[in-house]
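Each chain, written out:
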Amino acid sequence: MKKKIELPIVEPIYSAYQFQGPGTAILVNNPSIRNWYLNQVLILGCSRRFLNGFTTPETNIVDSSWEVNPHLDMKWYGMKFLKGHVNHTIRNLLDDGYYVCFSGIDDYYVKGKSWYHEKHFSHDGCICGYDQENRTYCIYSYDQNWIYRKFWTTQKSFDKGRRAQFDKGEFGCICGIKPKEDQVVFSADIALKKISEYLDSTIEMYPETSEGAVYGIVVHDYIAKYVDKLYDGSIPYEKMDRRVFRVIWEHKKAMLQRIISIEEALSLDNNISDAYGAVVREADNCRMLYAAHHMKERRSVLPIIQKKLLSLKENEQKLLEKLLRNGKGDKTK
């Protein structure tokens with residue numbers, strides 16, 4: 001067994017949540033797998049529970065978890081049954097080129113992690129290295145400043161977080177993951193079909209009076225309703241979900257990559273991707289305004305965010321509809 005190893009990380013496509021990041025962050029040796037995300041992973045989703053007392057819209061991108069990625073080799077281990085061999089198993093997996101995703105670790109005890117010494121929270125993350133001389137792990141997750149990055153923490157603090165959950169009768173898992181050798185090809189046909197599915201989404205299809213999840217472009221309208229609830233105080237400022245507009249921004253960044261790939265595959269001009277850049281910039285603007293409000297309450301900025309959100313949704317819809325027409329050979333304006 002080696003004394004130290006640190007596996008490389010690249011910028012992921014989606015990383016608003018820790019269950020998303022590793023799916024593309026570990027693709028150093030097979031970047032073609034990113035095409036699976038550009039082909040398939042683009043449907044926005046949220047819940048309607050915030051309309052009736054819940055404090056988050058649970059915004060997400062369908063199938064964006066690393067666990068769903070069919071092009072990753074996965075080795076699962078329940079920590080309950082590893083007994084005293086958890087750390088040994090982690091190091092063996094890393095030595096064999098596997099990144100180690102974990103669940104069921106109390107963030108409160110893991111030095112440098114998002115809720116360290118702030119809140120007891122059973123959380124996940126990814127280990128991408130170890131140093132046996134310093135008894136440390138290199139973890140890829142949100143740190144104490146809510147920045148998604150690699151940082152080193154002590155194995156002792158990791159074990160403390162694990163045992164805290166064990167004491168509650170909650171036993172997490174570790175899973176070694178690494179890219180398979182599959183060469184994934186971008187498919188404009190598949191991507192255009194998924195974009196069509198994304199656009200086939202209206203308030204009439206997903207009315208407020210119904211329950212369950214909401215999918216597609218209409219999610220923007222529901223996020224606008226969420227902003228309304230933050231503005232009128234029915235969802236307290238202290239309970240606001242900080243991740244909502246990061247999900248939206250990352251969705252637009254990935255959509256732009258997808259549009260560029262479609263244009264290249266079908267030998268289209270780049271007019272749509274050029275115009276869509278403004279959608280990405282507006283989503284980033286919303287994200288930054290929302291983050292500033294989270295840092296220091298400024299309710300007056302919420303109507304501005306809402307207006308920008310609905311405007312970028314309208315622009316996105318027009319551009320994607322045009323892309324679908326062009327993809328079918330109809331180049332009319």
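These figures come from a predicted structure and were not determined experimentally.

Chemist: Sorry, what's going on with the overall build of the protein chain here?
Modeler: Scanning the protein chain from N- to C-terminus turns up ten helices and ten strands. Over its C-alpha atoms the protein chain spans a radius of gyration of 21 Å, differing by no more than 12% from the 20 Å that the globule rule assigns to 333 residues. The contacts of the protein chain with a sequence gap of at least 6 include a subset with a gap of at least 24, amounting to 69%. Working note: accessible area of the protein chain is about 15600 Å², and carbon and sulfur atoms make up 49% of it. Separation between the mean location of the 48 positive side-chain charges and that of the 43 negative ones in the protein chain comes to 4 Å.

Chemist: Any chance you could explain the packing of aromatic side chains here in plain terms?
Modeler: Aromatic ring pairs are defined here through the distance separating the ring centres and the angle between the ring planes. Applying the stated criterion across every chain, the model contains 15 aromatic pairs. A centroid spacing of 4.8 Å and a plane angle of 25 degrees characterise the contact between Tyr-142 and Tyr-148, whose relative ring orientation is stacked. Across the pair, exposure class does not vary: Tyr-142 and Tyr-148 are buried alike. Seen in terms of ring centroids, Phe-245 and Tyr-290 are 4.8 Å apart; in terms of plane orientation they differ by 50 degrees. Their pairing is tilted.

Chemist: Could you clarify how one ought to interpret the sheet that holds strand β10 (residues 213–215) in this entry?
Modeler: Strand-to-strand pairing in sheets goes through backbone hydrogen bonds, with the strands running parallel or antiparallel. Spatially, three strands are ordered β3-β2-β10 in an open sheet, and the strand pairing comes out antiparallel. For this open sheet the edge positions go to β3 (60–61) and β10, each flanked by a neighbour on one side alone. Pairing geometry for strand β2 (residues 44–47) and β3, over two bridges, is antiparallel. Paired with Leu-44 across the bridge in β3 is Ile-61. Contacts between helix α8 (residues 244–265) and the sheet are confined to β2 and β3, with β2 contributing the most and set at about 165 degrees to the helix.

Chemist: Explanation requested: the packing of α8 against helix α9 (residues 271–295) in the structure shown.
Modeler: A pair of packed helices is captured by two measures, namely the crossing angle of their axes and the spacing between those axes. At a minimum axis distance of 8 Å, the contact between α8 and α9 shows a crossing angle of 170 degrees. What the angle tells us is that α8 and α9 run roughly antiparallel. Here Val-244, Phe-245, Arg-246, Ile-248, Trp-249, Lys-252, Lys-253, Met-255, Leu-256, Ile-259, Ile-260 and Glu-263 of α8 lie close against α9, whose contacting residues are Asn-271, Ile-272, Ser-273, Tyr-276, Gly-277, Val-279, Val-280, Ala-283, Asp-284, Cys-286, Arg-287 and Tyr-290. Its residues assigned to classes, the contact of α8 with α9 shows 15 nonpolar, three polar and six charged.

Chemist: Help me understand the environment of His-120 in this model?
Modeler: Following the sequence through the fold, His-120 ends up in the loop between β5 (99–106) and β6 (122–131). Residue classification places His-120 among the partly exposed positions, given a relative accessible area of 44%. It is 17 Å that separates the C-alpha atoms of His-120 and Thr-153, two residues lying 33 residues apart in sequence. Every residue in contact with His-120, bar those within four places of it in the chain, is listed here: Asp-106, Tyr-108 and Tyr-109.

Chemist: Quick question: what am I supposed to make of the nonpolar core here?
Modeler: In globular proteins that are soluble, nonpolar side chains generally tend to be buried together. Grouped together as the largest cluster of nonpolar side chains are 100 residues, with contacts concentrated most on Ile-90, Ile-127, Ile-195, Tyr-198, Phe-245 and Leu-323. In this structure, Leu-323 is in contact with Leu-192, Ile-195, Ile-259, Ile-262, Leu-268 and Ile-272, ignoring residues within four places of it in sequence.

Chemist: Would you explain the environment of Val-247 in this entry?
Modeler: Tracing the sequence through the fold places Val-247 in helix α8. Each C-alpha atom, one on Val-247 and one on Ala-16, is 5.7 Å from the other, the two residues being 231 residues apart in sequence. Contact partners of Val-247, with chain neighbours within four places excluded, come to Ala-16, Tyr-17, Leu-44, Thr-59, Asn-60 and Ile-61.

Chemist: I tried to follow the side chain of Asp-241 on my own but got confused; where do I start?
Modeler: You can see Asp-241 is positioned in the loop between α7 (219–232) and α8. When its relative accessible area of 4% is taken as the criterion, Asp-241 is described as buried. A distance of 2.9 Å separates polar atoms of two side chains, one belonging to Asp-241 and the other to Arg-243. Apart from residues lying up to four places away in sequence, Asp-241 is in contact with Thr-55, Thr-56, Pro-57, Tyr-226 and Tyr-290.

Chemist: What exactly am I supposed to notice about the pattern of salt bridges here?
Modeler: Should their charged atoms come close, side chains of opposite charge can pair. Taken as a whole, this structure holds 17 salt bridges when the rule is applied. In this structure, Arg-287 and Asp-284 form a salt bridge, with 2.7 Å as the shortest nitrogen-oxygen distance. One end of the pair, Arg-287, and the other, Asp-284, are both in helix α9, three residues apart, so they sit about a helical turn from each other. Look at Asp-284 and you get partly exposed, because its relative accessible area is 24%. The partner of Glu-314 in a salt bridge is Lys-318, and the shortest N-O contact between them spans 3.5 Å. On the criterion of helical spacing, the pair formed by Glu-314 and Lys-318 is a turn pair, its members being four residues apart in helix α10 (residues 302–327).

Cut-offs applied
- Residues numbered from 1 in each chain as written.
- Predicted model: local features only at pLDDT ≥ 70, side-chain atom pairs only at ≥ 80, totals over all residues.
- Heavy atoms only, no water.
- Helix = DSSP H or I, 4+ residues; strand = E, 2+ residues; numbered from the N terminus.
- Rg over C-alpha atoms; globule rule 2.2 N^0.38 Å.
- Contact = heavy atoms within 4.5 Å.
- Areas by Shrake-Rupley, 256 points an atom, 1.4 Å probe, with all protein chains shown as cover.
- Lys, Arg positive; Asp, Glu negative; His and termini not counted.
- Charge placed at Lys NZ, Arg CZ, Asp CG, Glu CD.
- Phe/Tyr/Trp six-rings, centres within 6.5 Å; stacked < 30°, edge-to-face > 60°.
- Buried < 20%, exposed > 50% of the residue type's maximum accessible area, 1.4 Å probe, protein only.
- Pairing = 2+ DSSP bridges.
- Axes fitted to C-alpha atoms, helices over the stretch in contact; angles between N-to-C directions.
- Parallel < 35°, antiparallel > 145°, perpendicular 65-115°, else oblique.
- Nonpolar A, V, L, I, M, F, W, Y, C, P; charged D, E, K, R; others polar.
- Core = buried A, V, L, I, M, F, W, Y, C linked by side-chain atoms within 4.5 Å.
- Polar contact = N/O pair within 3.5 Å; in protein donor to acceptor, adjacent residues only side chain to side chain.
- Salt bridge = Lys/Arg side-chain N within 4 Å of Asp/Glu carboxyl O.

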